[in-house]
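One letter stands for each residue in the lines below.
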Amino acid sequence: MSKEKAELRRLYKEKTALIQNKEQLSERIAERLFALDEYKSCDCVFAYFSLPSEVSTASIIKRAREDGKAVALPQCEKKGNAMHFFPTERESELETGRFKGIFEPKKGLTQAQATEKTLILVPALAYGRNGSRLGKGMGFYDRFLAESKGVPVGLCFEENLAEALPETGLDRRVEIIITENETLFIN
């Protein structure tokens, strides 16, 4: 399974590198997110700072704050594989985290707890139409989602949407997938 997933990660990284107009596509995905009843009724968005290869979350974070929603961002422990979310309101509350190029909340903030009214944006290299996801292989989100009460949402370019992806017993699915062309609700 790990060889198959490694090959799929390589394939989807190559496919993503060829996608043109990522910013425009990201804006279309964001507008689909804002139209969701789940977004309109949530009180908190657990977001992440996107990498250049991912659907951009910058406008989502900005709009969620403008809409009066709390925004929490992930912090990965320096050692180990635990991840926690912390509410942030301004850039001064961020610092370079465990992984190069990814900003995280500074130490000392109060940890946020997901509730049924929390939307959790989940990054991935690809998603399956059944809610399966191909992450980067470290399992941070799988472990977090296993203990979470929020609604996990995958943001994905249409090019990175497959029928299904290989899964292990530790993998966690998302409940909603949003691409620039469609919104999928997973049963």
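So, a few notes on the structure that sits alongside this text.

Some details on the pattern of salt bridges
Here the structure, examined in full by the defined rule, presents 11 salt bridges. Residue Arg63 pairs with Asp67 through a salt bridge whose shortest N-O separation is 3.0 Å. A residue is classified by how much of its surface remains accessible, and Arg63, at 27% relative accessible area, is partly exposed. The class of Asp67 is partly exposed, set by a relative accessible area of 36%. One salt bridge connects Arg129 with Glu163, and the closest N-O pair in it is separated by 3.5 Å. One end of the pair, Arg129, is in the loop between strand 7 (126–128) and strand 8 (133–134); the other, Glu163, is in the loop between strand 10 (161–162) and strand 11 (176–178), with 34 residues separating them in the sequence. Its relative accessible area of 30% is what places Arg129 among the partly exposed residues.

Comments concerning the packing of aromatic side chains
Within the structure shown, the criterion is met by 5 aromatic pairs. Where Phe46 meets Phe85, the ring centres are 4.5 Å apart and the plane angle is 20°; that geometry is what we call stacked. With Phe46 in strand 1 (residues 44–46) and Phe85 in strand 3 (residues 83–87), this pair connects stretches of sequence that are 39 residues apart. Its relative accessible area of 0% is what places Phe46 among the buried residues. Given the relative accessible area of 1%, Phe85 is considered buried. An aromatic cluster of at least three residues, connected via ring pairs, comprises Phe46, Phe85, Tyr141 and Phe144. In this structure, Arg63 packs its charged tip against the face of Phe34, placed 4.2 Å from the ring centre. Positioned above the aromatic ring of Tyr39, the side-chain terminus of Lys69 is 4.8 Å from the ring centre.

Rules of the game
Every chain is numbered on its own, with residues counted from 1 as its sequence reads. Note on the predicted model: pLDDT of at least 70 is required for a residue's local features to be given, and 80 or more for side-chain atom pairs to be given and counted; whole-chain, interface and lining totals, by contrast, use all residues. The side-chain numbers reported here are obtained from all heavy atoms of the structure, hydrogens and water having been left aside. One side-chain nitrogen of Lys or Arg within 4 Å of one carboxyl oxygen of Asp or Glu is enough to make a salt bridge. Only protein chains enter the area calculation, which uses a 1.4 Å probe; residues under 20% of their type maximum are buried, those over 50% are exposed, and those in between are partly exposed. Numbering goes from the N terminus for both helices and strands, where a helix is a DSSP run of H or I of at least four residues and a strand is a run of E of at least two. When the centres of two rings from Phe, Tyr and Trp lie within 6.5 Å, Trp using its six-membered ring, the rings pair. Their planes under 30 degrees apart give stacked, over 60 give edge-to-face, and anything left gives tilted. We call a charge positioned over a ring when the NZ of a Lys or the CZ of an Arg lies within 6 Å of the ring centre and within 35 degrees of the ring normal.

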